[in-house]
Amino acid sequence: MSKQLFSGSIGRKFAMALSALFLIIFLLQHFTINFTSVFSEKAFNELSHFMGTNAIIQFVMQPILMLGVTFHFIMGFVLEIKNRNSREIKYAKNNGAANSSWMSRNMIWSGLFILLFLLFHFYDFWIPEMNYKYIEVKPENPDRYYDEVVHMFTNPGRVVVYCLSFVFLALHLMHGFQSAFQSMGARHDKYTPAILKIGRAYAILIPIGFIFIAVFHYVNSL
């Protein structure tokens with residue numbers, strides 16, 4: 001069953017859609033926690049401390065998240081390569097722009113930029129966190145998270161990279177959100193318009209929210 005799932009085009013797209021929906025839900029949860037840093041230092045510290053010390057989140061959900069991210073990007077590249085190889089007529093001869101949006105034709109590039117940002121994000125946040133807890137084994141300080149985030153956004157270069165990455169994420173989500181639902185069978189006219197509207201709202205508001213958080217903390221640090 002699992003072999004058939006990943007060997008067929010429909011199966012690969014369905015698996016890709018599942019991983020996309022999982023990451024969409026995670027992104028919303030991640031934004032919700034981060035946004036509390038704008039209006040409540042205490043709430044942000046409490047939520048971050050819970051996420052950073054809860055055993056289920058650390059040793060079950062976190063590995064699943066990493067696996068989901070890895071799977072999503074690998075499957076995305078596999079599908080893109082297979083799609084390119086399967087085209088009998090290249091876009092140069094078949095005017096791809098007339099049949100698809102700019103976002104759908106460039107998912108591979110926006111995805112690659114997002115992947116590079118995630119590696120930067122892991123280096124910037126996750127690796128220091130692992131070093132703090134498991135290598136240096138420092139005593140846990142439940143009030144340290146807010147100051148760490150604020151410190152990260154005092155660097156203007158980091159803020160620019162962060163904001164640019166979420167612009168690419170918005171472009172990626174513009175097509176990816178609705179594509180994920182369509183790959184799972186949500187094609188009926190009754191549901192498609194609603195999915196399009198929700199997808200566009202999500203693709204615009206969530207990235208803007210993350211950008212606002214970064215700019216807010218940078219401006220406050222001046």
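These notes cover the structure that comes with them. Numbering of residues begins from 1 in every chain and follows the order in which that chain's sequence is written. Only residues with pLDDT of 70 or above have their local features reported here, since the model is predicted, and side-chain atom pairs are shown and tallied only from 80 upward, although totals for entire chains, interfaces and linings are computed over all residues. The basis for every side-chain value is the complete set of heavy atoms in the structure, and neither hydrogens nor water enter the calculation.

Points about the side chain of Ser-48
Thinking step 1. Structurally, Ser-48 is set in helix α3 (residues 41-53).
Thinking step 2. We call two residues in contact whenever any of their non-hydrogen atoms come within 4.5 Å of each other. Not counting residues up to four positions away in its chain, the partners in contact with Ser-48 are Ile-33 and Tyr-145. Starting at the N terminus, helices and strands are each numbered in turn, a helix being any DSSP run of H or I of at least four residues and a strand any DSSP run of E of at least two.

Things to note about the packing of helix α7 (residues 107-135) against helix α8 (residues 145-152)
Thinking step 1. Fitted lines through C-alpha atoms serve as axes, helices being fitted only where they are in contact, and the angles separating the N-to-C directions of these axes extend from 0 to 180 degrees. Running from amino to carboxyl end, α7 crosses α8 at an angle of 145°, the nearest separation of the two axes being 12 Å. At the point where α7 passes α8, the crossing takes the right-handed sense. Contact residues: Asp-124, Phe-125 and Glu-129 in α7; Tyr-145, Glu-148, Val-149 and Met-152 in α8.
Thinking step 2. Looking at the contact of α7 with α8, its residues break down into 4 nonpolar, no polar and 3 charged. Crossings are sorted by hand: turned counterclockwise from the far helix by less than a right angle, the near helix makes the crossing left-handed, and turned clockwise it makes it right-handed. In this classification, the charged set is Asp, Glu, Lys and Arg, the nonpolar set is Ala, Val, Leu, Ile, Met, Phe, Trp, Tyr, Cys and Pro, and all remaining amino acids, among them Gly, are polar.

Regarding α8
Thinking step 1. Residue burial is assigned from relative accessible area. The probe radius is 1.4 Å, only protein chains are included, and a residue is buried under 20% of its type maximum, exposed over 50%, and partly exposed in between. When we look at burial in α8, the residues that qualify are Tyr-145, Tyr-146, Val-149 and Met-152. What you see down the axis of α8 is that its buried residues fit within an arc of 125°, all on one side. As used here, the arc is the angular range of directions from the helix axis to the C-beta atoms.

Focus: α7
Thinking step 1. Axes are fitted to the seven residues ending at a residue and to the seven starting at it; the angle between these axes is taken as the bend at that residue. If you look at α7, its biggest bend is around 40°, right at Phe-122.
Thinking step 2. Met-107, Ile-108, Ser-110, Gly-111, Ile-114, Phe-117, Asp-124, Glu-129, Met-130, Tyr-132 and Lys-133 are the residues of α7 that are buried.
Thinking step 3. Val-137 occupies a position one or two residues after α7 and carries a positive phi of about 50°.

Things to note about a nonpolar patch on the surface
Thinking step 1. The patches reported here contain residues having more than 30% relative accessible area and no salt bridge. Joining distances are 9 Å for like charges and 5 Å for nonpolar side chains (Val, Leu, Ile, Met, Phe, Trp, Tyr). Surface accessibility follows the Shrake-Rupley procedure with a 1.4 Å probe radius. Residue values consider only the protein chains on display as shielding. Basic side-chain nitrogens of Lys or Arg form a salt bridge, by our definition, when they fall within 4 Å of a carboxyl oxygen of Asp or Glu. Residues Ile-56, Phe-59, Val-60, Met-61, Ile-64, Tyr-134 and Ile-135 make up a contiguous nonpolar surface patch of about 720 Å² in total accessible area.
Thinking step 2. At the level of secondary structure, the elements contributing two or more residues to the nonpolar patch comprise α4 (55-86) and α7.
Thinking step 3. For the nonpolar patch, the element with the highest residue contribution is α4, accounting for 5 residues.
Thinking step 4. As for its position among the elements, Ile-64 is in helix α4.

With respect to the nonpolar core
Thinking step 1. If you look at the biggest cluster of nonpolar residues, it comprises 34 residues, and the most contacted ones within it are Leu-27, Tyr-162, Leu-173, Tyr-202 and Phe-210.
Thinking step 2. When contributions to this core are tallied by element, the ones reaching two or more residues are α2 (9-39), α4, α7, α8, α9 (156-183) and α10 (192-221).
Thinking step 3. With 9 residues, the single largest contributor to this core is α2.
Thinking step 4. Beyond its immediate sequence surroundings of up to four residues, Leu-27 is in contact with Leu-169, Leu-173, Tyr-202, Ile-206 and Phe-210. What is meant by a nonpolar core is a set of buried Ala, Val, Leu, Ile, Met, Phe, Trp, Tyr and Cys residues, joined one to another through side-chain atoms within 4.5 Å.

What about the side chain of Arg-158?
Thinking step 1. Relative to the assigned elements, Arg-158 resides in helix α9.
Thinking step 2. A residue is classified by how much of its surface remains accessible, and Arg-158, at 19% relative accessible area, is buried.

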